[in-house]
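# Fold and contact review
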Amino acid sequence: MSERKNSVPKTNDGTDLVAEVRDFIATRKLLNLASLTADNHPHASTAPFLAADGNFYLFISDLSEHAANLKANSKASVIFNADEADTKQAFARLRVTFNVNAGLIDREQPLWQQRIEQLREKFGPVMDHLKDLEDFHLFELKPSGGRYVKGFGQAYALEGLEKQVALHLKDGHREKAPQGSSEEKLQTG
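Keep in mind that this is a model prediction, so the values were computed, not measured.

## Examining unusual backbone geometry
With a phi angle near 60 degrees, Asn-40 is a residue other than glycine that sits in the positive phi range. By the secondary structure assignment, Asn-40 is in the loop between strand E1 (30-36) and strand E2 (42-48). Backbone geometry places Asp-53, a non-glycine residue, at a positive phi of 55 degrees. Examined against the element boundaries, Asp-53 turns out to sit in the loop between strand E3 (50-52) and strand E4 (55-61).

## Side note on the confidence of the model for the protein chain
Looking at the protein chain, pLDDT values average 82 and 77% of them are 70 or higher. Long-range and interchain partners of residues 1-12, a stretch whose pLDDT sits below 50, account for 14 contacts in this model, where long-range means more than four residues apart. Every residue in residues 184-189 scores below 50 in pLDDT, and together they form four contacts with partners more than four places removed in sequence or on other chains.

## Some remarks on the side chain of Ser-35
Looking at the element boundaries, Ser-35 is found in strand E1. Residue class for Ser-35 comes out buried when judged on its relative accessible area of 2%. Of the polar contacts made by the side chain of Ser-35, one reaches the side chain of Asn-69; its length is 3.0 Å. In this view, Ser-35 contacts His-41, Pro-42, His-43, His-66, Asn-69, Leu-70 and Ala-76; residues no more than four positions away in its chain are not counted.

Analysis parameters
- Residues numbered from 1 in each chain as written.
- Predicted model: local features only at pLDDT ≥ 70, side-chain atom pairs only at ≥ 80, totals over all residues.
- Heavy atoms only, no water.
- Helix = DSSP H or I, 4+ residues; strand = E, 2+ residues; numbered from the N terminus.
- pLDDT = per-residue confidence, 0-100.
- Contact = heavy atoms within 4.5 Å.
- Buried < 20%, exposed > 50% of the residue type's maximum accessible area, 1.4 Å probe, protein only.
- Polar contact = N/O pair within 3.5 Å; in protein donor to acceptor, adjacent residues only side chain to side chain.

Now the structure itself:
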């Protein structure tokens, strides 16, 4: 079964889909983050973010649980959802997920200042105050494998945010075989 999923051919619209994903993410101000606690329990949270150069950036406080989690374990996952008000069918809600690896950007690095300025452009003058607080840190989240779901039968595997690759996942939903069918007999017998 996994062999079939890995051999899914690239769609003709892979480049368009990756651009569509980037455009969708650009309309979001918050991402949902799944990080791991010190005892490997999942923790769900939300944070304002910046998308730049194929990565996501969070400027978050040590007072938040997700900051401590990302410092202790760099593996996490993010999801971007369409607004519920814009979603006609909850089961087919438009969404983008990525596995990410988190790292800290030191305040002394030129990238830190560049990203803080971009965060100010996106979120306004609140950044003038936050950037001077010592408990706030800039995290860089580097996305790897991801998934873009546009609706039923419209799921695509992604290889990061900038790579021009989107694979249509054709293996998926199967209807339950009618009772008494040969397929059911194979599963139960």
